[in-house]
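# Per-entry structural report
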Amino acid sequence: MFTGKGSAMNITDVRVRKIAKEGKMKAVVSITIDDEFVVHDIKVIEGEKGLFIAMPSRKASDGEYRDIAHPINSQTRELIQKIILDAYEKALSEASDEVEG
């Protein structure tokens, strides 16, 4: 049942798949919202000003890429980006812990 506005969105799971090869794309992430809705193919990208996320997109007939799923406002985008980048940093530190033994 759709309840409309008012209920807060909670990201209940974040899965990070690191990209081994060199390049700007560092990971591909899936998030689960409220244990009920999954968004796959969110990319962690190394930009000139640091890491940021790119929402899932597809190439349109005019050659431009358009987001398939995305937050409606910048506050939600910032929240999702912070959660994803925190999970990415944690995955990196866990990987370096494993290497060090």
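Refer to the structure above for everything that follows.
Residues numbered from 1 in each chain as written. Predicted model: local features only at pLDDT ≥ 70, side-chain atom pairs only at ≥ 80, totals over all residues. Heavy atoms only, no water.

### Some remarks on the nonpolar core
In this structure, Val29, Ile31, Ile42, Val44, Ile53, Ile80 and Ile84 are the most contacted members of the largest nonpolar core, which totals 14 residues. Secondary structure elements with two or more residues in this core: strand 2 (25–33), strand 3 (37–47) and helix 1 (74–100). Those residues in contact with Ile80 that sit more than four places away from it in its chain are Met9, Ile11, Ile31, Ile53 and Pro71. (Core = buried A, V, L, I, M, F, W, Y, C linked by side-chain atoms within 4.5 Å. Buried < 20%, exposed > 50% of the residue type's maximum accessible area, 1.4 Å probe, protein only. Helix = DSSP H or I, 4+ residues; strand = E, 2+ residues; numbered from the N terminus. Contact = heavy atoms within 4.5 Å.)

### Some details on the sheet that holds strand 4 (residues 50–54)
In space, the four strands of this open sheet follow the order 1-2-3-4, with antiparallel pairing throughout. Sheet topology places strand 1 (11–18) and strand 4 at the edges, where each strand pairs with a single neighbour. Geometrically, the sheet is characterised by an average inter-axis angle of 25° between neighbouring strands, direction not taken into account. Relative to strand 3, strand 2 is paired through seven bridges, and the arrangement is antiparallel. From the neighbouring strand, Ile31 faces strand 3, where its bridge partner is Val39. (Pairing = 2+ DSSP bridges. Axes fitted to C-alpha atoms, helices over the stretch in contact; angles between N-to-C directions.)

### Side note on the pairing of strand 1
Strand direction decides the pairing type here: strand 1 and strand 2, joined by seven bridges, are antiparallel. Following the sheet pairing, Asp13 is matched in strand 2 by Thr32. Connecting strand 1 to the antiparallel partner strand 2 that follows it, the hairpin turn spans six residues, and Gly23 within it adopts a positive phi of roughly 145°.

### Notes on unusual backbone geometry
One non-glycine residue, Asp34, lies in positive phi territory at about 55°. Mapping Asp34 onto the fold places it in the loop between strand 2 and strand 3. When its relative accessible area of 31% is taken as the criterion, Asp34 is described as partly exposed. Residue Asp35 is not a glycine yet carries a positive backbone phi of 55°.

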